[in-house]
Amino acid sequence: MPPLEIHRVCLPPKQSTLQKLKHRLGEIFFPENPLHRFKNQTWFRKLLMGLQFLFPIFQWAPEYNAQLLKSDVISGLTIASLAIPQGISYAKLANLPPIVGLYSSFVPPLIYSLLGSSRHLAVGPVSIASLVMGSMLSEVVSSTEEPILYLKMAFTATCFAGIFQASLGFLRLGFIIDFLSKATLVGFMAGAAVIVSLQQLKGLLGIVHFTTKMQFIPVMASVFSHRQEWSWQTIVMGFSFLLFLFITRHISKRNPKLFWVAAAAPLTSVIVSTLIVFLLHSKHPKISVIGHLPKGVNPPSSNMLYFSGPYLALAIKTGIITGILSLTEGVAVGRTFASLKNYQVDGNKEMMAIGLMNICGSCSSCYVTTGSFSRSAVNYNAGAKTVVSNIIMAAAVLITLLFLMPLFYYTPNVILATIILTAVSGLIDYQAAYDLWKVDKLDCMACLCSFFGVLFISVPIGLAIAVGVSVFKILLHVTRPNTMALGNIPGTQIYQNLNRYGEASRIPSFLILAIEAPFYFANSTYLQERLTVIHILSAVTAIDTSGIDTLFELRKMLEKRLLQLVLANPVGSVMEKLQQSKTLGSFGLNGVYLTVGEAVADISSLWKARA
């Protein structure tokens, strides 16, 4: 083989502190450079592009036609048939009046249709946010003893959720929600689904006096201690319609073209059960019903927002937690369906859209809303083309609010319980948990911790455990980074992990170690214990003063043992910090190389020359 040419490792171009700060902030907050498209454009064009950037409706509205409207009307009416019974059900789950669920299916979809970038996201109340809000507020304020105060807390928490969500989008801090990893979310969703399901036993069995606690043991104790309240009429009706809903869902899963069967089933159940109770109510008065629901559009609720007093901290805490959960679900659902249709969803725009939607909702008698996976799936399968489907859905809800509310008087509460049970059963993802166990045992542990935390302690603490385990996993990877010994693959200048590649062989007199993590104070002591001659720094993306001191001390310690420390392929930021700290000069001309092959070849030739 010809002698290997030795290349000099260059420092990055010199920049001032202000330039570095500007570049770093740009990478963090504006990686896609949204202002780039405005360059060399006329003022009118810039104004139009600005409107399109802030209001995505201006992007597709000029090209909207009758064919698209036909598809959106069909999908909008389809999701309305699902949104109306779900809205009523989820409001009950949050311990709110059923009418608030319908209000929340009217205003927020209209706001999202102006600001949202997803074509298929169907907006409205969702089960997890409803459960969390209900459980957190009920721990302090009783929805039955202090209904007005509870309503104020719900609207205020929604306002804070919106402010938090919009702030994340505006400040481009969406990466914060990534602390809820998939593993923790799988466990949290499953635990919450079980808790939601257990709460529905009250309606499914016809129990009047039921515990306000959410944990598994108190709920089961309450179910069996009130056996005398069980109503056989309610049980028969509940399980009959539950079976009907699960059968329709199974049909739609087996044949996606029959998506409308599952979509129409909840509203069909509400209509049929209401007729049954209306006809038989005098003979079977034990079946509890929703009762009177007021007609009319959303009344203003800005005067009910609670910005001072002893419960303000509760509203803020509830708002932030429900805001994080609803934001995670909404953005994830939007991106899922965007990928299926090969278009982009801007995460930061979505955060601002969902946030502003909730801020406006809190002032119009709505509670926390986001993109629902079940409704969005129906919307997608029904052939939705744009967010106009949300406008059609809102129009259908408006007609219901104005003219159809008296028809819900005899709707049995047991039907709401069956609708919720059917909806949340899909949140328990057995296959995902099994995959976690097969792929990553630590992720599986995070999933189980989150699941049992929600099930046996509380929903907020379960969520805190989920985030804590995720952060612990990050710290574990940082403080105990992966290090591996490398060997040469014969006949090449390639160096790979000795454990992975059987053909790789050690180079005599060399120990080559690769570090796959930033070199920080948190792992500097751990890495100092791994002695080496050549450090591969290509995967070390950053270094701080503790890491620099460790390298310096390691070099001196190895020199005392007549060993040499060499750096291979350090990235620009690492080279720059080593230069600024004067550490780079201590390595000398033969201390830093561009590749491992060049380091081995040059050091070997130097040793031969000395021999």
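Residues numbered from 1 in each chain as written. Predicted model: local features only at pLDDT ≥ 70, side-chain atom pairs only at ≥ 80, totals over all residues. Heavy atoms only, no water.

**Quick look at the overall build of the protein**
Then step 1. Along the protein, the regular secondary structure elements total 26 helices and eight strands.
Then step 2. Put simply, the protein has 611 residues, and 49% of those count as buried.
Then step 3. In the protein, 77% of the contacts between residues at least 6 apart in sequence involve partners at least 24 apart.
Then step 4. Put simply, the protein shows about 29,700 Å² of open surface, and 65% of that area lies on carbon and sulfur atoms. (Helix = DSSP H or I, 4+ residues; strand = E, 2+ residues; numbered from the N terminus. Buried < 20%, exposed > 50% of the residue type's maximum accessible area, 1.4 Å probe, protein only. Contact = heavy atoms within 4.5 Å. Areas by Shrake-Rupley, 256 points an atom, 1.4 Å probe, with all protein chains shown as cover.)

**Thoughts on empty space enclosed by the protein**
Then step 1. Across all of its chains, the model carries one cavity of 30 Å³ or more by this definition.
Then step 2. Volume-wise, the largest cavity comes out at about 30 Å³.
Then step 3. Its residues assigned to classes, the lining of the largest cavity shows six nonpolar, no polar and one charged. (1 Å grid on protein atoms, 1.4 Å probe; cavity = no way out; pocket = protein on both sides within 12 Å on 5 of 7 lines; lining within 4 Å. Points joined across faces, edges and corners; volume = space filled by probe spheres on them. Nonpolar A, V, L, I, M, F, W, Y, C, P; charged D, E, K, R; others polar.)

**Focus on the packing of helix α4 (residues 66-93) against helix α18 (residues 413-425)**
Then step 1. Packing of α4 against α18 brings their axes to within 9 Å, and their N-to-C directions diverge by 95°. Relative to α18, the element α4 lies roughly perpendicular. Contact residues: P85, Q86, I88, S89, Y90, K92 and L93 in α4; N413, L416, I419, I420 and A423 in α18.
Then step 2. Looking at the contact of α4 with α18 residue by residue, the classes come out as eight nonpolar, three polar and one charged. (Axes fitted to C-alpha atoms, helices over the stretch in contact; angles between N-to-C directions. Parallel < 35°, antiparallel > 145°, perpendicular 65-115°, else oblique.)

**As for a nonpolar patch on the surface**
Then step 1. A cluster of nonpolar side chains, contributed by I271, V272, L275, I276, F278, L279 and L280, occupies part of the molecular surface with about 630 Å² of accessible area.
Then step 2. Mapped onto the fold, L279 is located in helix α13 (residues 259-280). (Patch = residues over 30% accessible without salt bridge, like charges linked within 9 Å, V, L, I, M, F, W, Y side chains within 5 Å. Salt bridge = Lys/Arg side-chain N within 4 Å of Asp/Glu carboxyl O.)

**Some words on the packing of aromatic side chains**
Then step 1. A full pass over the atoms with the stated rule returns 10 aromatic pairs.
Then step 2. When the ring of F224 is compared with that of W230, the centres are 6.3 Å apart and the planes differ by 55°; the resulting orientation is tilted.
Then step 3. On the accessibility criterion, F224 (45% relative accessible area) is partly exposed.
Then step 4. What makes W230 partly exposed here is its relative accessible area of 31%.
Then step 5. Where F452 meets F456, the ring centres are 6.1 Å apart and the plane angle is 20°; that geometry is what we call stacked. Here F456 and F452 lie together in helix α20 (residues 441-456), a separation of four residues that amounts to about one turn.
Then step 6. Of the residues examined, F452 reaches a relative accessible area of 42% and is grouped as partly exposed. (Phe/Tyr/Trp six-rings, centres within 6.5 Å; stacked < 30°, edge-to-face > 60°.)

**Notes on the layout of surface pockets**
Then step 1. When its volume is computed, the largest pocket comes out at roughly 1,500 Å³.
Then step 2. Counted by class, the lining of the largest pocket contains 27 nonpolar, 11 polar and seven charged residues.
Then step 3. In this structure, the second largest pocket occupies an estimated 1,100 Å³ of space.
Then step 4. Lining of the second largest pocket is provided by 37 residues; of these, K92, N95, S143, T144 and K202 occupy positions nearest its centre.
Then step 5. Secondary structure elements with two or more residues in the lining of the second largest pocket: α4, α8 (147-170), α10 (201-205) and α18.

**Points about the pairing of strand β3 (residues 483-488)**
Then step 1. Relative to strand β5 (residues 512-515), β3 is paired through four bridges, and the arrangement is antiparallel. Opposite A485, over in β5, you have L513 as the bridge partner.
Then step 2. Bridge count for β3 against strand β4 (residues 495-497) is three bridges, and the pairing is antiparallel. From the neighbouring strand, L486 faces β4, where its bridge partner is N497. (Pairing = 2+ DSSP bridges.)

**Digging into α13**
Along an α-helix, residues three or four positions apart point the same way, because every turn accommodates 3.6 residues.
Then step 1. Compared with an ideal rise of 1.5 Å per residue, which puts 22 residues at 32 Å, α13 spans 32 Å between its outermost C-alpha atoms and is within 8% of the ideal.
Then step 2. Here the buried face of α13 lies against α4, α12 (232-254), α16 (373-381) and α18. (Expected span 1.5 Å × (residues − 1).)

**Remarks on the environment of L314**
Then step 1. Summarising the element assignment, L314 is placed in helix α14 (residues 312-340).
Then step 2. Residue L314 is classed as buried on the basis of its relative accessible area of 10%.
Then step 3. Between the C-alpha atoms of L314 and L137, which are 177 residues apart in sequence, the distance is 7.3 Å.
Then step 4. Discounting residues that sit within four places of it in the chain, L314 has contacts with M136, L137, V140, V141 and M153.

**A look at the pattern of salt bridges**
Then step 1. All chains considered together, the criterion is met by one salt bridge.
Then step 2. In this structure, E553 and K556 form a salt bridge, with 3.9 Å as the shortest nitrogen-oxygen distance. Of the two residues, E553 and K556 are both situated in helix α23 (residues 545-560); the distance of three residues between them amounts to about one turn of the helix.

**Structural notes on the environment of Y495**
Then step 1. Structurally, the position occupied by Y495 is in strand β4.
Then step 2. Given a relative accessible area of 12%, Y495 falls into the buried group.
Then step 3. Along the sequence, Y495 and I512 sit 17 residues apart, while their C-alpha atoms lie 9.0 Å from each other.
Then step 4. If we ignore the near neighbours within four places in the chain, the residues touching Y495 are L486, G487, N488, I507, I512, V596, G597 and V600.

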